[in-house]
Each structure stands twice: as C-alpha cells, then as structure tokens.
Amino acid sequence: MQEPEYTETKSKETTIPEINTQTGTITKLQPPVQSQEQWLKYGQQISGFLGTLPEYIGSFFNQYKQPLVSVGLIVTAVITVKVLLAVLDALNDIPLVAPTFELIGIGYSVWFIYRYLLKASTRQELTSEITTLKSQVVGQDGSES
C-alpha cells in the first residue's frame with residue numbers, strides 16, 4: 001500500500017501596507033490572498049486522503065482484529081458492571097427494598113444449605129453438577145480430572 005505524496009507548498013510573501021501614523025485615521029489591513037490553485041491543491045490532498053481512509057481503516061482492523069475485540073469486550077464488561085452497580089444503588093435508596101433483598105438472600109442461603117449441604121448424598125449430587133458444568137465450560141471430559 002503506497003502512501004500518498006504530499007508536496008510542501010509555500011505561500012507567496014505578501015507585503016504589508018504602511019500603516020498610517022496620523023491620529024484619527026484607521027488603516028485596513030488586507031488578508032493575504034491565496035490563489036485558487038492552492039485551494040484546489042488542498043482540496044485534492046484532502047479528497048485523496050478521504051478516498052483512501054476506508055482502506056486504511058479496513059487494513060488496520062484486519063491486522064488488529066483480536067486485540068480490538070478483546071478491548072471492546074473489556075470496555076463492555078466495565079460499562080455493564082458500572083450500570084448494574086448504579087441500578088443496585090438506586091434500588092437500595094428506595095425504602096424497604098434493601099431489607100427485602102437481604103431477606104431474599106438469607107432465604108436462598110438457608111434453602112441452599114438445606115438442599116445441598118446437610119446430607120452426604122446431596123453433597124455428592126452438588127459435586128457432580130459442578131463437575132458437569134466445569135466440563136461444559138472448559139470443554140473437557142469430567143472423567144479426566
């Protein structure tokens with residue numbers, strides 16, 4: 001991929017008219033006049049850059065696809081956690097909602113202990129479910145561990 005050539009352009013030196021030194025008179029300074037050719041040259045350089053911009057972006061994305069996706073996922077996860085924490089903070093500010101959540105958490109903990117942790121047979125069932133879930137996530141057989 002070739003980079004477009006940029007030529008350095010020099011503007012013509014403009015002479016500044018002598019300023020009137022008499023009090024009470026205002027001398028208007030004229031801005032330097034740029035020729036139409038210079039504006040066309042600038043326009044061509046800008047349009048050339050904008051014409052090749054999609055190619056640059058496409059090649060950049062193809063070259064750095066994996067890191068860009070990883071950064072995007074990390075940013076999405078951070079934003080999701082911040083929004084979730086903001087929603088929970090807003091819910092905790094509502095009267096009676098925070099104690100209700102605490103009661104629900106205590107109730108679930110009691111149920112979980114009663115359902116899975118009191119008897120040896122239910123602890124084995126929990127262990128087998130955790131092993132099955134682990135093998136599904138990791139992609140290995142449960143018998144290998």
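Residues numbered from 1 in each chain as written. Predicted model: local features only at pLDDT ≥ 70, side-chain atom pairs only at ≥ 80, totals over all residues. Heavy atoms only, no water.

Participant: I would appreciate a short explanation of the overall build of the chain in the present structure.
Facilitator: Along the chain, the regular secondary structure elements total four helices and zero strands. Reading the helices (α) and strands (β) of the chain from amino to carboxyl end gives α-α-α-α. Pairs at least 24 apart in sequence give 33% of the contacts found in the chain among residues at least 6 apart. Accessible surface for the chain amounts to roughly 13500 Å². Of this, 63% is attributable to carbon and sulfur atoms. (Helix = DSSP H or I, 4+ residues; strand = E, 2+ residues; numbered from the N terminus. Contact = heavy atoms within 4.5 Å. Areas by Shrake-Rupley, 256 points an atom, 1.4 Å probe, with all protein chains shown as cover.)

Participant: Help me out: how do you make sense of unusual backbone geometry in this one?
Facilitator: Negative phi is the rule for most residues except glycine; trans is the rule for most peptide bonds. Not every positive phi belongs to a glycine, and L96 is a case in point at roughly 70°. Considering the arrangement of structural elements, one finds L96 in the loop between α2 (65-92) and α3 (97-117). Among the residues examined, L96 registers a relative accessible area of 67% and is labelled exposed. (Buried < 20%, exposed > 50% of the residue type's maximum accessible area, 1.4 Å probe, protein only.)

Participant: Help me understand the packing of α3 against helix α4 (residues 120-138) in this model?
Facilitator: When two helices pack together, their arrangement is given by the angle between the helix axes and the distance between those axes. Running from N to C, α3 and α4 cross one another at 100°; their axes reach a closest spacing of 7 Å. The pairing of α3 with α4 is recorded here as roughly perpendicular in orientation. Residues F112, R115, Y116 and L117 of α3 lie in contact with α4, whose contacting residues are T122, R123, E125, L126 and E129. Of the residues contributing to the contact of α3 with α4, the split by class is four nonpolar, one polar and four charged. (Axes fitted to C-alpha atoms, helices over the stretch in contact; angles between N-to-C directions. Parallel < 35°, antiparallel > 145°, perpendicular 65-115°, else oblique. Nonpolar A, V, L, I, M, F, W, Y, C, P; charged D, E, K, R; others polar.)

Participant: Help me understand the side chain of T122, please; the structure alone is not making it clear to me.
Facilitator: Relative to the assigned elements, T122 resides in helix α4. Residue class for T122 comes out buried when judged on its relative accessible area of 13%. Once residues within four sequence positions are removed from consideration, T122 is found in contact with R115, Y116 and L117.

Participant: Help me understand a nonpolar patch on the surface in this model?
Facilitator: Judged by side-chain polarity, V81, L84, L85, L88, F101 and I104 come together as a nonpolar surface patch covering roughly 570 Å² of accessible area. When contributions to the nonpolar patch are tallied by element, the ones reaching two or more residues are α2 and α3. When residues in the nonpolar patch are grouped by element, the largest group, four residues, is from α2. The residue L84 is located in helix α2 in this model. (Patch = residues over 30% accessible without salt bridge, like charges linked within 9 Å, V, L, I, M, F, W, Y side chains within 5 Å. Salt bridge = Lys/Arg side-chain N within 4 Å of Asp/Glu carboxyl O.)

Participant: Before we go on, may I ask you to explain the packing of aromatic side chains in this structure?
Facilitator: Aromatic ring pairs are defined here through the distance separating the ring centres and the angle between the ring planes. If you walk through the whole model with that rule in mind, you get six aromatic pairs. With 5.6 Å between their ring centres and 35° between their planes, Y108 and W111 make a pair best called tilted. Of the two residues, Y108 and W111 are both situated in helix α3; the distance of three residues between them amounts to about one turn of the helix. For W111, a relative accessible area of 42% translates into the label partly exposed. One residue, R115, lies across the ring of Y116, its end atom 4.6 Å from the ring centre. (Phe/Tyr/Trp six-rings, centres within 6.5 Å; stacked < 30°, edge-to-face > 60°. Lys NZ or Arg CZ within 6 Å of the ring centre and 35° of its normal.)

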